[in-house]
Amino acid sequence: MPPPARSILDTRADQMFPTLEPPEIERVRRFGRIHAFNPGEALAKVGEIGVGLCFILAGEVDVSQDDRSGHRTPIVTHGRGAFLGELAQLAGRPALVDARARGPVEALIIAPDRLRALLIAEAELGERIMRALILRRIGLLETGGGGLVIVGRSESGDVLRLANFLRRNGHPYQTLNSETDAEAKALIERFHVDAGQLPIVLCPNGKLLRNPGETELARCIGLVGPIDPNRVYDVAIVGAGPAGLATAVYAGSEGLSALVLDCRAFGGQAGASARIENYLGFPTGISGIALMARAYNQAQKFGVEMAIPDEVAALAPPIESGRGHFVLNLADNERVAARSVVIASGVRYRRPAVKDLEAFESSSVHYWASPLEAKLCAEQEVALVGAGNSAGQAVVYLASQVAKVWLLARGADLTANMSSYLVDRIAGLANVEVLTRTQISALEGADGMLQAVRWRQGASGEEMRHLIRHLFLFIGADPNTEWLAGSGVALDAKGFVLTGTDAGANCRSLETTCPGVFAIGDVRSGSVKRVAASVGEGAQVVAALHGFLAT
Ligand SMILES: Cc1cc2nc3c(=O)[nH]c(=O)nc-3n(C[C@H](O)[C@H](O)[C@H](O)COP(=O)(O)OP(=O)(O)OC[C@H]3O[C@@H](n4cnc5c(N)ncnc54)[C@H](O)[C@@H]3O)c2cc1C
């Protein structure tokens with residue numbers, strides 16, 4: 001029998017729960033205020049925005065979480081020198097655990113803005129605290145503790161949609177299968193839920209949502225709050241992919257007030273990458289979500305605000321807005337005011353022209369290959385269409401998770417668009433069959449579930465039919481620039497944003513035809529479609545922002 005998987009609590013408890021020495025506590029005192037708690041009093045309550053990070057000066061605090069049956073599970077007891085909190089405290093978001101004073105407790109409370117100042121001013125101590133906050137969140141993600149419970153059919157497209165959204169946003173959750181799990185059945189009965197209303201989501205604040213949209217869910221769990229319409233940011237960054245997050249980190253660290261908006265999740269396309277192996281400094285590779293989560297936390301450390309998910313629907317330049325600054329109109333009718341704007345809205349996946357594709361999109365057709373999709377396809381044959389690097393990476397990953405991968409490529413061979421290391425790796429995989437000059441001709445299935453895929457191969461165009469329930473599409477992407485219509489920002493013939501000398505003789509590097517609006521990353525005309533290039537442009541644009549804001 002394989003040994004039981006060890007949790008982060010088993011392996012890294014000392015880093016998760018460090019104790020500060022008295023001289024170290026003295027150093028952090030200037031960032032907080034002292035507060036006394038009575039025996040039994042709550043220092044943190046699940047679903048409620050807390051006071052901040054609490055350093056225990058005297059007494060003991062019990063930290064616990066509810067499991068999915070509502071039973072209280074202890075996590076840790078903090079004593080003198082320990083501190084209470086996790087990543088939620090960095091951004092002033094609702095707590096994911098409960099914490100109660102055992103007896104009388106004296107604590108030093110550090111509010112989120114002062115915590116960020118501490119992390120920057122006290123580099124070594126800040127590193128230990130930041131590491132503990134991140135590891136504690138990872139611990140909660142491992143158990144799903146303190147998060148929400150999704151109840152529905154495990155193959156349902158809506159369960160997958162909600163689980164994907166929470167996973168991509170680093171929020172803990174658990175799923176209960178409504179068809180097989182006794183607890184799920186009890187919950188459905190208790191809340192009188194009809195089958196048509198599934199999945200339901202139970203939020204930590206006690207609210208029950210019936211098949212919610214991502215924005216409704218995000219608002220319920222405090223991931224996104226209202227935006228102050230009177231605040232004018234130095235820069236509004238549209239898109240939280242590598243380009244937007246890099247801008248955020250450099251802008252924040254250089255003292256600019258910045259707001260990042262993303263309609264989906266942080267990480268962009270990179271967040272969907274199973275393994276990035278060509279990013280400088282990671283010789284063993286790193287999953288896209290891990291790399292992007294680091295950048296997301298880093299930006300928040302420098303005080304950058306996040307509005308995710310929030311979709312930008314239109315951009316009004318200063319003259320049009322009549323307010324002397326840019327105004328971004330959001331899909332939910334909120335507004336953001338900023339002195340400058342960085343367009344980092346990247347690209348979105350292309351869809352092949354195959355009849356009924358949409359009908360299978362929620363359950364059987366996938367545009368990325370994460371552990372969630374891999375779990376659905378375990379021990380099955382899958383088809384993947386594409387011939388670029390993202391397709392190659394997905395094939396390598398899926399091959400380790402499924403019975404067989406059919407790789408369908410339109411061109412004559414893979415080497416035209418795929419890095420040679422991936423082509424070589426695919427050639428060495430026994431359960432991958434590469435079919436070149438091949439195109440999908442039809443999809444068959446019922447109730448949103450795919451049952452078979454037909455494709456035509458080679459010069460003969462002979463049609464083949466295979467029993468396949470999951471189809472992966474990696475066939476390129478188009479720029480996300482519809483929201484720029486009417487803004488005065490010029491695009492090239494394919495819809496990518498023109499910048500620098502392509503936009504006009506007097507434009508700064510990375511500046512668009514609209515002064516004060518810059519474009520970086522995949523959405524920029526002529527950009528190199530790579531994580532490192534996007535990150536580099538994110539750093540570079542901040543220098544251009546300083547130049548513009550100084551005028
Ligand atoms: C599966 C996969 C694997 C990859 N692997 C690698 C790799 O190994 N190495 C490598 O170098 N590159 C890789 N790439 C390419 C790399 O991920 C991209 O070049 C990079 O992510 C581009 O970054 P970006 O920030 O410019 O745009 P994106 O990553 O596309 O991010 C744009 C963001 O903007 C948001 N957005 C769009 N419109 C709006 C709007 N109106 N309002 C608010 N938000 C909006 C989107 O939701 C998205 O999060 C991969 C890509 C994919 C898809």
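Residues Leu245, Met306 and Val342 are the most contacted members of the largest nonpolar core, which totals 37 residues. Elements with a minimum of two residues in this core: β13 (232-238), α10 (242-253), β14 (258-261), α11 (288-301) and α16 (531-550). In terms of residue count, the dominant contributor to this core is α16 (7 residues). With sequence-adjacent residues up to four places away left out, Met306 is seen in contact with Arg93, Leu245, Leu259, Val260, Tyr296, Ala299 and Gln300.

This part covers the sheet that holds strand β7 (residues 98-101). An order of β2-β7-β4-β5 is seen for the 4 strands of this open sheet, with the pairing classed as antiparallel. Each edge of the open sheet carries a strand with a single partner, namely β2 (42-44) and β5 (72-78). Direction aside, neighbouring strands of the sheet carry axes that sit 30 degrees apart on average. The pairing of strand β4 (residues 61-66) with β7 spans 4 bridges and is classified as antiparallel. What sits directly across from Ser64, in β7, is Asp98.

Next up on the list: the site of the ligand. Close to the ligand lie 36 residues, the nearest being Asp262, Gln269, Asn278, Gln393 and Val531. Within the backbone of Val347, an N or O atom sits 3.4 Å from an oxygen atom of the ligand. Val531 places a main-chain nitrogen or oxygen 2.9 Å from an oxygen atom of the ligand. Bound to the protein, the ligand loses 93% of the 1000 Å² it would expose on its own. Counting only elements with at least two residues in the shell around the ligand, the list comes to α10, β19 (347-349), α14 (389-399) and α16. Class assignment for the residues of the shell around the ligand results in 16 nonpolar, 13 polar and 7 charged.

Counted according to the given criterion, the structure contains 30 salt bridges. Arg348 is the salt-bridge partner of Glu482, the closest N and O atoms lying 2.7 Å from each other. A residue pair is termed long-range when its members are at least 10 positions apart, and Glu482 in the loop between β28 (477-479) and β29 (517-519) and Arg348 in strand β19 qualify at 134 residues. In this structure Arg348 comes out as partly exposed when scored by relative accessible area, which is 31%. The partner of Glu361 in a salt bridge is Arg351, with the nearest N and O atoms 2.7 Å apart. Here Glu361, found in the loop between β19 and β20 (365-366), pairs with Arg351, found in the loop between β19 and β20; they are 10 residues apart in sequence, far enough to count as distant. Three or more residues are tied together by salt bridges with common partners; here these are Glu444, Arg454, Arg456, Glu463 and Arg465.

Put simply, α10 and α16 touch, their axes get as near as 7 Å, and they point 35 degrees apart. The interaxial crossing formed by α10 with α16 has right-handed handedness. Across the interface between the two elements, Pro242, Ala243, Ala246, Thr247, Tyr250 and Ala251 from α10 touch Val531, Ser534, Val535, Gly538, Ala539, Val541 and Val542 from α16. For the contact of α10 with α16, a count of residues per class yields 10 nonpolar, 3 polar and no charged.

The next subject is helix α7 (residues 157-168). Residues spaced three or four apart along an α-helix point in a common direction, a consequence of the helix completing one turn every 3.6 residues. Between its first and last C-alpha, α7 extends 16 Å over 12 residues, near the 16 Å set by a 1.5 Å rise per residue. Buried residues dominate α7, accounting for 9 of its 12 residues. Among the residues of α7, the N-terminal cap falls to Ser156, whose side-chain oxygen and the backbone nitrogen of Asp158 are separated by 3.1 Å. With its phi angle positive at about 65 degrees, Gly170 sits one or two positions after the end of α7.

Of all 11 residues making up α14, 10 are buried, and the element is well covered by its neighbours. Along α14, the residues classified as buried are Asn389, Ala391, Gly392, Gln393, Ala394, Val395, Val396, Tyr397, Leu398 and Ala399. For α14, the secondary structure elements touched by its buried residues are α13 (371-376), β21 (381-385), β22 (404-408), α15 (420-427), β23 (432-435) and β27 (471-473).

Before going further, it helps to spend a moment on the environment of Val260. Relative to the assigned elements, Val260 resides in strand β14. Apart from the residues within four sequence positions on either side, Val260 is in contact with Ile237, Gly239, Ala240, Ala248, Val304, Glu305, Met306 and Ala307.

You can see Val354 is positioned in the loop between β19 and β20. By relative accessible area, Val354 is classed as buried at 13%. Other than its neighbours up to four places away in sequence, Val354 contacts Ile440, Ser441, Ala442 and Leu443.

Taken as a whole, this structure holds 7 aromatic pairs when the rule is applied. Ring centres 5.9 Å apart and planes at 15 degrees place the aromatic pair Tyr349 and Tyr367 in the stacked group. On the criterion of sequence distance, the pair formed by Tyr349 in strand β19 and Tyr367 in the loop between β20 and α13 is long-range, its members being 18 residues apart. Under the relative-accessibility criterion, Tyr367 is labelled buried at 11%. Geometrically, the ring pair formed by Phe518 and Phe548 is edge-to-face, given 6.4 Å between the ring centres and 75 degrees between the ring planes. You can see Phe518 sitting in strand β29 and its partner Phe548 sitting in helix α16, a full 30 residues away along the chain. When its relative accessible area of 18% is taken as the criterion, Phe548 is described as buried. Among the aromatic residues, those joined into a ring-pair cluster are Tyr349, Tyr367 and Trp368. Sitting over the ring of Trp406, Lys404 keeps its end group 3.9 Å from the ring centre.

The linkage connecting Leu198 with the following residue, Pro199, adopts the cis geometry, with an omega of -5 degrees. Mapped onto the elements of the fold, Pro199 is located in the loop between α8 (182-190) and β11 (200-202). Following Ile308, the chain continues to Pro309 via a peptide bond in cis, the omega torsion being 0 degrees. Structurally, the position occupied by Pro309 is in the loop between β15 (305-307) and β16 (312-316). Although it is not a glycine, Asp356 adopts a positive phi angle of roughly 70 degrees. If you trace the backbone, Asp356 turns up in the loop between β19 and β20.

Cut-off values and rules
Residues numbered from 1 in each chain as written. Predicted model: local features only at pLDDT ≥ 70, side-chain atom pairs only at ≥ 80, totals over all residues. Heavy atoms only, no water. Core = buried A, V, L, I, M, F, W, Y, C linked by side-chain atoms within 4.5 Å. Buried < 20%, exposed > 50% of the residue type's maximum accessible area, 1.4 Å probe, protein only. Helix = DSSP H or I, 4+ residues; strand = E, 2+ residues; numbered from the N terminus. Contact = heavy atoms within 4.5 Å. Pairing = 2+ DSSP bridges. Axes fitted to C-alpha atoms, helices over the stretch in contact; angles between N-to-C directions. Near = heavy atom within 4 Å. Polar contact = N/O pair within 3.5 Å; in protein donor to acceptor, adjacent residues only side chain to side chain. Areas by Shrake-Rupley, 256 points an atom, 1.4 Å probe, with all protein chains shown as cover. Nonpolar A, V, L, I, M, F, W, Y, C, P; charged D, E, K, R; others polar. Salt bridge = Lys/Arg side-chain N within 4 Å of Asp/Glu carboxyl O. Left-handed = near helix turned anticlockwise from the far one by under 90°. Expected span 1.5 Å × (residues − 1). Phe/Tyr/Trp six-rings, centres within 6.5 Å; stacked < 30°, edge-to-face > 60°. Lys NZ or Arg CZ within 6 Å of the ring centre and 35° of its normal.

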